[in-house]
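The lines below spell out each chain.
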Amino acid sequence: MLSYQHAYHAGNFADVHKHLTLYAVIHHLLRKKSAITYVDTHAGRGLYPLSATETQRLQEYREGIWPLWQARSTLSDPLLNAWKEELTSAQPIPETLTHYPGSPWWLSHSLREQDHLRLFELHPGEHEQLNAQGLSPHAQRVFGDGLAGLTAMLPVITPRLCVLIDPSYERKAEYQEVAETVVFTLEKARHGVVLVWYPLLPAGHHHTLLSSLKESGVRKIWRSELLLREPGEQAHGMFGSGMLVINPPWGLDQRLAAAMAEITPLLGAESRYQADWWVEE
């Protein structure tokens, strides 16, 4: 299925959760000089104008990046402030939130001469938009299936690997496909850092992903979830965002917990953050 376009959801609370986690991981990896290959399996457009017709239809950013932007002068957490400064640099008009950067922007913005970035996108319209973005020359855009593309390019030539996997999960089978791709990736790159985003929906299909990874024998899986509201029996739509980080950098859990302590009060009275080691060594 190729109906999903992230522009309808750009800047929502799940984006905040996903991209803050990605940012924290990247900037820990940058402490070492050795080269990194980054892979984004479901890249999307790269940069989203909040005024776009698609984005304005649902205006999900109003329950995500917008309240954080409004409160930016009061933020005190170091990670959150650094992330905010990067976000500010993505705005064509200084100090005015008009665009939300997707994962290709966050990844490309951190590339060094020795690093590589492979951006996969299967939706033709999204790929065309991605090609129009002025990203780093070290960013290679690929029109194709990201999970298949990732497995085909392993092992990578650089000493380190960082992968972001965040499909739309329009098909239930994607949960199992993601789990299988993660297992294969770690067989080829045992110390690779793999980030997996998943939605929290009333149907609970994400448990297929979690249980498959737990049964696979993959170790060092850290899980965090940001809930916008509590799941109710009559609830519809996504109520929370989940992130798995396999082989997470040291201290990631504490840094994100401190940042989320400032974020959750801004997202509403029901918002809460929870994290644990899903699987340890």
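Here, every reference points to the structure presented above.
Remember, predicted model here, so these are calculated numbers, not experimental data.

Asker: Please explain the overall build of the protein as it appears in this structure.
Answerer: Counting its secondary structure elements, the protein contains ten helices and ten strands. Since a compact globule built from 281 residues should have a radius of gyration of about 19 Å, the 18 Å found for the protein is in line with a globular shape. Along the first, second and third principal axes, the C-alpha set of the protein runs to 45 × 45 × 40 Å. Within the span of the protein, comprising 281 residues, buried residues form 56% of the whole. Restricting to contacts in the protein with at least 6 residues of sequence separation, those with at least 24 account for 76%. For the protein, the accessible area works out to roughly 12,500 Å², and carbon and sulfur atoms hold 52% of it. Between the averaged position of the 24 positive side-chain charges in the protein and that of its 31 negative side-chain charges there is a distance of 5 Å.

Asker: Any chance you could explain unusual backbone geometry here in plain terms?
Answerer: Across the chain, the bulk of peptide bonds are trans and the bulk of non-glycine residues have phi less than zero. Omega for the bond connecting Leu-154 with Pro-155 falls within 30 degrees of zero, at -5 degrees, which places this linkage in the cis form. As for its position among the elements, Pro-155 is in the loop between helix H7 (146-153) and strand E6 (160-165). Residues other than glycine seldom take positive phi values, yet Gln-59 does so here, at roughly 50 degrees. Although it is not a glycine, Lys-220 sits at a positive phi angle of roughly 55 degrees. Mapped onto the elements of the fold, Lys-220 is located in the loop between helix H9 (206-216) and strand E8 (221-227).

Asker: Looking at this structure, how should I read the pairing of strand E9 (residues 240-246)?
Answerer: Successive residues of a regular strand alternate their side chains across the two faces of the sheet. The element E9 is largely enclosed, with a buried count of seven among its seven residues. A two-sided burial pattern is seen for E9, the buried positions comprising Gly-240, Gly-242, Leu-244 and Ile-246 on one face and Ser-241, Met-243 and Val-245 on the other. The pairing of strand E7 (residues 193-200) with E9 spans seven bridges and is antiparallel. Looking across to E9, one finds that Val-194 is bridged to Ile-246.

Asker: Could you clarify how one ought to interpret the packing of aromatic side chains in this entry?
Answerer: Both the distance between ring centres and the angle between the ring planes are used here to describe each pair of aromatic rings. Summed over the entire model, instances satisfying the criterion amount to five aromatic pairs. Residues Trp-83 and Trp-106 carry aromatic rings whose centres are separated by 5.4 Å and whose planes lie at 15 degrees to one another, so their mutual orientation is stacked. Here Trp-83 is found in helix H4 (residues 78-89), whereas its partner Trp-106 is found in helix H5 (residues 103-108), with 23 residues between them in sequence. Using a relative accessible area of 2% as the deciding quantity, one classes Trp-106 as buried. Between Tyr-169 and Tyr-175 the ring centres are 4.4 Å apart and the planes differ by 20 degrees, which places this aromatic pair in the stacked class. An identical accessibility class is assigned to Tyr-169 and Tyr-175; each is buried. These aromatic residues form a ring-pair network of at least three members: Tyr-23, Trp-83, Trp-105 and Trp-106. The ring centre of Trp-66 lies 5.5 Å from the NZ or CZ of Arg-62, which sits over that ring.

Asker: Sorry, what's going on with the side chain of Asp-15 here?
Answerer: In this structure, Asp-15 sits in helix H1 (residues 13-29). A residue is classified by how much of its surface remains accessible, and Asp-15, at 1% relative accessible area, is buried. A distance of 2.8 Å separates the side chain of Asp-15 from the side chain of His-6, its partner in a polar contact. Separated by 2.9 Å, the side chain of Asp-15 and the backbone nitrogen of Gly-11 make a polar contact. The residues touching Asp-15, leaving out its near neighbours within four places in the chain, are His-6, His-9, Ala-10, Leu-20 and Tyr-100.

Asker: Any chance you could explain the side chain of Arg-45 here in plain terms?
Answerer: The residue Arg-45 is located in the loop between strand E1 (36-40) and strand E2 (47-49) in this model. According to the relative accessible area criterion, Arg-45 is buried, its value standing at 9%. Leaving out residues up to four positions away in the same chain, Arg-45 has contacts with Gln-5, Ala-7, Glu-54, Glu-126, Gln-129, Leu-130 and Gln-133.

Asker: What exactly am I supposed to notice about the packing of helix H8 (residues 173-188) against H9 here?
Answerer: For any two helices packed against each other, the geometry is given by the interaxial angle and the distance between the axes. Taken N-terminus to C-terminus, the directions of H8 and H9 make an angle of 25 degrees; their axes are 8 Å apart at the nearest point. The angle between H8 and H9 places the two elements in the roughly parallel class. Relative to H9, the crossing made by H8 is right-handed. Seen from H8, the contacting residues are Tyr-175, Gln-176, Val-178, Ala-179, Val-182 and Val-183; seen from H9, they are His-206, Thr-208, Leu-209, Ser-212, Leu-213 and Ser-216. Tallied by class, residues from the contact of H8 with H9 come to seven nonpolar, five polar and no charged.

Criteria and cut-off values
- Residues numbered from 1 in each chain as written.
- Predicted model: local features only at pLDDT ≥ 70, side-chain atom pairs only at ≥ 80, totals over all residues.
- Heavy atoms only, no water.
- Helix = DSSP H or I, 4+ residues; strand = E, 2+ residues; numbered from the N terminus.
- Rg over C-alpha atoms; globule rule 2.2 N^0.38 Å.
- Buried < 20%, exposed > 50% of the residue type's maximum accessible area, 1.4 Å probe, protein only.
- Contact = heavy atoms within 4.5 Å.
- Areas by Shrake-Rupley, 256 points an atom, 1.4 Å probe, with all protein chains shown as cover.
- Lys, Arg positive; Asp, Glu negative; His and termini not counted.
- Charge placed at Lys NZ, Arg CZ, Asp CG, Glu CD.
- Pairing = 2+ DSSP bridges.
- Phe/Tyr/Trp six-rings, centres within 6.5 Å; stacked < 30°, edge-to-face > 60°.
- Lys NZ or Arg CZ within 6 Å of the ring centre and 35° of its normal.
- Polar contact = N/O pair within 3.5 Å; in protein donor to acceptor, adjacent residues only side chain to side chain.
- Axes fitted to C-alpha atoms, helices over the stretch in contact; angles between N-to-C directions.
- Parallel < 35°, antiparallel > 145°, perpendicular 65-115°, else oblique.
- Left-handed = near helix turned anticlockwise from the far one by under 90°.
- Nonpolar A, V, L, I, M, F, W, Y, C, P; charged D, E, K, R; others polar.

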